[in-house]
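Observations on chain architecture
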Amino acid sequence: MSLKSGRTLFVLVLSYTDTARIPGITVAGATPQDTIYTPPADAELIHYGHCISIPGLPMTPDGKPTPALLTRAALLHADIPYIVVDAGCVIPPRMPHIHTGIKPGKNIEAGPAMSHVDATHTIQSGEYMGRTLSSLCDNLIIGESIPGGTTTALALLRGLNLQYMVSSSMPDNPVQIKERVASAATSRLNMDTYMDVAVQTADPMILFVAGMLNSTSSNIILAGGTQMLAVLALATKMGHNTKNTMLATTTYVADDPDISFYRQAELFGVPIVSVRPHLENSKHAGIRAYTEGFAKEGAGAGGAIHAAQTIRGDKILPYIDREYDNILHKCG
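Let me sum up the structure you'll find in this document. Quantities reported herein were computed from a predicted structural model and do not represent experimental measurements. (Residues numbered from 1 in each chain as written. Predicted model: local features only at pLDDT ≥ 70, side-chain atom pairs only at ≥ 80, totals over all residues. Heavy atoms only, no water.)

**A look at the environment of lysine 178**
For the record, the criterion: The helix and strand labels rest on DSSP assignments: H or I over at least four residues marks a helix, E over at least two residues marks a strand, and numbering proceeds from the N terminus. The buried label applies to any residue whose accessible area, calculated with a 1.4 Å probe on protein chains only, is under 20% of its type's maximum; exposed applies above 50%, and partly exposed to all values in between.
Relative to the elements of secondary structure, lysine 178 occurs in helix H5 (residues 175-186). For lysine 178, a relative accessible area of 1% gives the class buried. Separated by 28 residues in sequence, lysine 178 and threonine 150 have C-alpha atoms that sit 8.3 Å apart.

Rendered as structure tokens:
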């Protein structure tokens, strides 16, 4: 399964969980407090080629650029239209976007991620968005930007009795912190319905995209890594038929020996596309760092690159380097 001929649309779902504020859990922001700016900054970078919510680029504390850079280069190169959805941001993006009224998720180590009312609203909003957007295209690529999202993904998977591992934006995955947080969240479970598990463990992005899957009629490309496994796990519990769904990610996630991505995805019976953008050959050290385990994936980069290379039939790296040069020039 791959891209169908016809119209392709990319949607970036922005969200937030206070779990991202736990020290050491993510580097998707200069400090844990700054992670609230990462989702809107990712969207602004894709749209404008620079950020408004923050100065400069969204980066790791030591200067590795956001995967949204890769996404922007791919979407521009293949002229793929995109839509940004605010599905629980603290800070909304300062660009045209769809506002859902979804609240940010709470710190799952300290208490439930959300109320049952908020969880239901989030899923129903995703279902509406899935029906609407799938009416506009043949291929719907869904990416996400949510700091700390691999930890909430891990907790949801554990709550659904799936002993999966999740990736990290750092070479040294903070597994002990993530397992501690997931254990705290799952210890509160006293019922085994998927909604009870989601309320205690998940983040708004997972529920929203699972809702999208349950209502769309398009060919779906889930553009992301292990967070999208959590989306699939929840959507499957909700009754989603995966026959029109595939996963697209980067080799930096798919080939990570610590998470066994292919084996974990087999449970859901979905095809997997792993793209290798050859970032080791980039002229920029920050981009080459992806091949050393930094960032790996995010903002739908893997799916956007897969679509761009399928549509255009050429390599993406020259366009990534060129776009980074343009962004660095704009940012001074």
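**Section: the pattern of salt bridges**
We count it as follows: Every case where a carboxyl oxygen of Asp or Glu lies within 4 Å of a side-chain nitrogen of Lys or Arg is listed as a salt bridge.
Applying the stated criterion across every chain, the model contains eight salt bridges. Between aspartate 325 and lysine 283 there is a salt bridge, with its nearest N and O atoms 2.7 Å apart. A residue pair is termed long-range when its members are at least 10 positions apart, and aspartate 325 in helix H13 (residues 317-331) and lysine 283 in the loop between strand S7 (272-275) and helix H11 (285-288) qualify at 42 residues. Accessibility expressed as a relative area gives 29% for aspartate 325, which makes it partly exposed.

**Structural notes on the pairing of strand S4 (residues 139-145)**
Stated formally: Should DSSP find at least two bridges between two strands, the strands are taken to pair.
Of all seven residues in S4, seven are buried, a share of seventy percent or more. Neither face of S4 is open: one carries Asn139, Ile141, Gly143 and Ser145, the other Leu140, Ile142 and Glu144, and all of them are buried. In terms of strand pairing, strand S1 (residues 8-14) meets S4 through seven bridges, oriented parallel. Directly across from leucine 9, in S4, lies its bridge partner leucine 140. As paired elements, S4 and strand S5 (residues 219-223) share four bridges and run parallel to each other. Looking at S5, one finds that isoleucine 141 is bridged to isoleucine 221.

**What to know about unusual backbone geometry**
Its identity as a non-glycine residue notwithstanding, aspartate 79 has a phi of 55°, on the positive side. Assignment of secondary structure puts aspartate 79 in the loop between helix H2 (68-78) and strand S2 (82-86). Judged by relative accessible area, which is 67%, aspartate 79 ranks as exposed. In the Ramachandran plot, histidine 278 falls in the positive-phi region, its phi being about 55° despite a non-glycine side chain.

**Brief notes about the pairing of S2**
Of the pairings in the sheet, the one linking S1 to S2 comprises five bridges and is parallel in character. By the bridge assignment, leucine 14 is partnered in S2 with aspartate 86.

**Here we look at the side chain of asparagine 139**
As a reminder, the rule being used: Think of a polar contact as two N or O atoms within 3.5 Å of one another; within protein, one of them needs to be a possible hydrogen donor and the other a possible acceptor, and neighboring residues in sequence only count if both atoms come from side chains.
Tracing the sequence through the fold places asparagine 139 in strand S4. Since its relative accessible area comes to 0%, asparagine 139 is described here as buried. A distance of 3.1 Å separates a polar atom in the side chain of asparagine 139 from a polar atom in the side chain of threonine 8. A distance of 2.9 Å separates a polar atom in the side chain of asparagine 139 from a polar atom in the side chain of asparagine 219.

That's the geometry; what it means functionally is another story.
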